[in-house]
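Residue-level structural notes
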Number of protein chains: 2
Amino acid sequence: MSQVRHTDADARQALSRLFAPIAADLALVDRRLQQELRHSDPFIDELAQHSFRIGGKRLRPALLLLTAQAVREVTPEHHTLAAVVEMVHTATLVHDDVLDEADVRRHLDTVNARWDNNTSVLLGDYLFSHAFYMASTLETTFGCRAIGESTNTVCEGELRQTNSSGNFWLSRDEYLGIIDAKTAELTACCCRLGAHYAGADEATVDRLTSYGRKLGMAFQIVDDLLDLEGEEQSTGKSLGTDLAHRKMTLPLIILRDQAAAADAERLQSLYEESDATHNSMLVDWLESSGALEQARRTAVEFAEEAAAELSTLRDSEAKQMLAEIARFVIARNA
Amino acid sequence: MSQVRHTDADARQALSRLFAPIAADLALVDRRLQQELRHSDPFIDELAQHSFRIGGKRLRPALLLLTAQAVREVTPEHHTLAAVVEMVHTATLVHDDVLDEADVRRHLDTVNARWDNNTSVLLGDYLFSHAFYMASTLETTFGCRAIGESTNTVCEGELRQTNSSGNFWLSRDEYLGIIDAKTAELTACCCRLGAHYAGADEATVDRLTSYGRKLGMAFQIVDDLLDLEGEEQSTGKSLGTDLAHRKMTLPLIILRDQAAAADAERLQSLYEESDATHNSMLVDWLESSGALEQARRTAVEFAEEAAAELSTLRDSEAKQMLAEIARFVIARNA
């Protein structure tokens, strides 16, 4: 890869600069999340506080708040909704870690590793329902409806992904449809809520929703690349899980579609073996064939299309940071 | 046991008589559920239709509709909310079957048995989020808020139950608190929504909520009894799972609290062994000591208190059926 990329610590530092225009709001959202997740039952309290810590980089609440500020200003509704989207995202992470049998996330034990799968399933449900409850404390049903619809699409995407695991012939369009549903839908929803609750007109809401969706596509393609290339130490989570679960991601799809029949067959058998030796051969092949670079190029294109959606917004620091986030998601290393 | 009790087929027949005043509404809710759970992706469609079939007796939507009719009349909001509570209930069943490693429910394979745990986790999430989305299509946030709050309490109850498994010294109050949260909260919510959306005054809403809560308590105590005594054939689901997961339920708690120290020790070692031989010895002991009968008595008291909450309602067929449901839940055998 030719781009300069960041480790986890670098990523956090880079993001804190990008989140500067809404730093105070984000701190407020963090306090809100922490308060909401306090519980009189010590077991539930410990679990909820742990999930608050694995929640991570706060990209989704930041998108919601920056979008609001780029349109006009951040309101109390935005603070609530920012906490809601982070909680939904955390719920999906807790359930993802059960599905992936992952042990480490953000350099911390996952819930299933520290407790067990049952606890993870229930904690995820608890976070989902708490998020929906928080959304319902707003005056109108707009927020609930947007959150309910998007979360439902996220679950559909995850189901389609589970069902496609082991399917070497998953098409590029099917792959893109899955990551659109499981990842881009929620980032799109963040920007939609940010814009709507800041009073943006419909065209602006649509453009910012599209920004969020394309950004999410770029983000997920890079995430899948990092799972292939990255090292556990820098990303702070269990890696190589996609191959272990025989999940087709973009570089593999690109290589398969460009390979001669004999090569595709060899590729398929490497994919189906899935152990450390075969995985490492597979990654070398993806690298030398240029498939990794082509997949990264696709992510760059999505990020550029995302940034282009910002063109009609008035100039502001928030707008500038949204553009920089689009550059950040493709340069990140964690 | 001295009461006449029903098998699964009997239970369905008995319930269809009790649901007669709202039979047309319930059929409409069933169609609504089936429609809502159709999906263009064949895998998701198959899963959702399967979950619709394991959903079962429709007790919760029936409570919501009967309450509405006992107060005044069933409205379109009630139909939506009845579908919502059944979907939430089904989501919890799908996740429960993962936790319990159960293979059979309503004489059908569970989702985890026919597909796998991952699919069950995601399908449960999908049903939860779809339920919330449906609630958000109502005009105000009242329904979303009630559903969000109750679902959150249900998850808390399940978490507390998971954390208490293996704790032989779980107190009676802790047990009652857990079943209140994991079961009675949702039946209470059904009656609250039924009454509220029928325009009941606050005192009536409170009394009917209390009816739903006490009914739920009776229902869960009987469910726990059936898990000890029942046979897979009549209930149509995997049994003996409570002992296998070392879950303390009321008869065990009663026996423990009444036993002399030496007996309590022997009881504890039977509870901790938990295999077929020890379980059968344990059930015999619970029977001969009268602990099963005392637990059943507690269920009867809750059911009687539930029925008493109906006294201020005007006479109607719906009111009569609500009273009969209170009798039914303690007589059921499935």
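It should be emphasised that the depicted structure is a prediction, and the values quoted were computed from it without experimental measurement. (Residues numbered from 1 in each chain as written. Chains lettered and ligands numbered in written order. Predicted model: local features only at pLDDT ≥ 70, side-chain atom pairs only at ≥ 80, totals over all residues. Heavy atoms only, no water.)

Right, let's talk about the overall build of chain A for a bit. Regarding its fold elements, chain A presents 17 helices and 2 strands. Taking 20 Å as the expected radius of gyration for a compact globule of 334 residues, we find that chain A reaches 20 Å, a close match to that expectation. Relative to its full complement of 334 residues, chain A shows a buried share of 62%. Just so you have it, chain A exposes about 12,400 Å², and 45% of that area is on carbon and sulfur atoms. (Helix = DSSP H or I, 4+ residues; strand = E, 2+ residues; numbered from the N terminus. Rg over C-alpha atoms; globule rule 2.2 N^0.38 Å. Buried < 20%, exposed > 50% of the residue type's maximum accessible area, 1.4 Å probe, protein only. Areas by Shrake-Rupley, 256 points an atom, 1.4 Å probe, with all protein chains shown as cover.)

A word on the side chain of Asn152(B). Tracing the backbone shows Asn152(B) in helix α8 (residues 142–164). Polar side-chain contacts of Asn152(B) include one of 2.7 Å to the side chain of Ser129(A). Other than its neighbours up to four places away in sequence, Asn152(B) contacts Tyr126(A), Ser129(A) and His130(A). (Polar contact = N/O pair within 3.5 Å; in protein donor to acceptor, adjacent residues only side chain to side chain. Contact = heavy atoms within 4.5 Å.)

This part takes up the environment of Leu250(A). Residues and elements named next belong to chain A. Tracing the chain through its elements places Leu250 in helix α13 (residues 250–258). Its relative accessible area of 0% is what places Leu250 among the buried residues. Residues Leu250 and Glu202, 48 residues apart in the sequence, show an inter-C-alpha distance of 33 Å. Apart from residues lying up to four places away in sequence, Leu250 is in contact with Arg172, Tyr175, Ile221, Ala295 and Thr298.

Between helix α3 (residues 42–54) of chain A and α8(B), whose axes approach to 9 Å, the crossing angle comes to 110 degrees. Relative to α8(B), α3(A) is oriented roughly perpendicular. Taken together, the residues of α8(B) that come into contact with α3(A) (itself represented by Phe43(A), Ile44(A) and Leu47(A)) are Glu156(B), Leu159(B), Arg160(B) and Asn163(B). Its residues assigned to classes, the contact of α3(A) with α8(B) shows 4 nonpolar, 1 polar and 2 charged. (Axes fitted to C-alpha atoms, helices over the stretch in contact; angles between N-to-C directions. Parallel < 35°, antiparallel > 145°, perpendicular 65-115°, else oblique. Nonpolar A, V, L, I, M, F, W, Y, C, P; charged D, E, K, R; others polar.)

Following the criterion strictly, the structure yields 7 aromatic pairs over all chains and no others. An angle of 75 degrees between the planes, with centres 5.8 Å apart, marks the rings of Phe142(B) and Tyr197(B) as edge-to-face. Residue Phe142(B) is found in helix α8, and its partner Tyr197(B) is found in the loop between α9 (172–196) and α10 (202–229); the two are separated by 55 residues along the sequence. Measuring from centroid to centroid gives 5.0 Å for Phe168(B) and Trp169(B), while their planes differ by 85 degrees, and the two rings are edge-to-face. Directly above the ring of Phe52(A) sits Arg58(A), whose terminal nitrogen or CZ lies 4.9 Å from the centroid. (Phe/Tyr/Trp six-rings, centres within 6.5 Å; stacked < 30°, edge-to-face > 60°. Lys NZ or Arg CZ within 6 Å of the ring centre and 35° of its normal.)

This next bit is on helix α10 (residues 202–229) of chain A. Residues and elements named next belong to chain A. In this model α10 runs 40 Å from its N-terminal to its C-terminal C-alpha over 28 residues, within 8% of the 40 Å that 1.5 Å per residue would give. Buried residues dominate α10, accounting for 21 of its 28 residues. Its side-chain oxygen 3.1 Å from the backbone nitrogen of Ala203, Asp201 forms the N-cap of α10. (Expected span 1.5 Å × (residues − 1).)

Take the nonpolar core next. Nonpolar side chains tend toward joint burial in soluble globular proteins. Counting residues in hydrophobic clusters, the biggest one holds 229 residues, and the most contacted among them are Phe19(A), Ile325(A), Phe19(B) and Ile325(B). Ile325(B) has contacts with Leu18(B), Phe19(B), Leu59(B), Leu63(B), Leu66(B), Tyr211(B) and Leu215(B), leaving out every residue within four places of it along the chain. (Core = buried A, V, L, I, M, F, W, Y, C linked by side-chain atoms within 4.5 Å.)

The next thing to look at is the relation of the copies chain A and chain B. Here chain A sits on chain B after a turn of 180 degrees about the axis and a move of 0.0 Å along it, with an RMSD of 0.0 Å. Classification of the inter-copy transformation places it as that of a two-fold axis. Taking C-alpha positions as the reference, the residue of chain A nearest the rotation axis is Thr141(A), at 2.8 Å. Comparing interface residues between copies, 100% of those in chain A also sit at the interface in chain B, which points to an isologous, same-surface contact. (Least-squares fit on C-alpha atoms with pLDDT ≥ 70 in both.)

Counting across every chain of the model gives 30 salt bridges over all chains. Residues Asp180(B) and Arg213(B) are paired through a salt bridge, measuring 2.7 Å at the closest nitrogen-oxygen approach. In this pair, Asp180(B) is assigned in helix α9 and Arg213(B) in helix α10, connecting sequence segments 33 residues apart. A relative accessible area of 25% means that Arg213(B) is categorised as partly exposed. The partner of Arg332(B) in a salt bridge is Asp223(B), with the nearest N and O atoms 2.8 Å apart. Here Arg332(B) is found in the segment after α17 (317–331), whereas its partner Asp223(B) is found in helix α10, with 109 residues between them in sequence. Note on Arg332(B): relative accessible area 1%, which makes it buried. Three or more residues joined by partner-sharing salt bridges are found here, namely Asp30(A), Arg58(A) and Glu86(A). (Salt bridge = Lys/Arg side-chain N within 4 Å of Asp/Glu carboxyl O.)

This part covers the side chain of Thr298(B). Structurally, the position occupied by Thr298(B) is in helix α16 (residues 291–308). Beyond its immediate sequence surroundings of up to four residues, Thr298(B) is in contact with Arg172(B), Ile221(B) and Leu250(B).

Without other data, these values stay purely geometric and don't point to any function.
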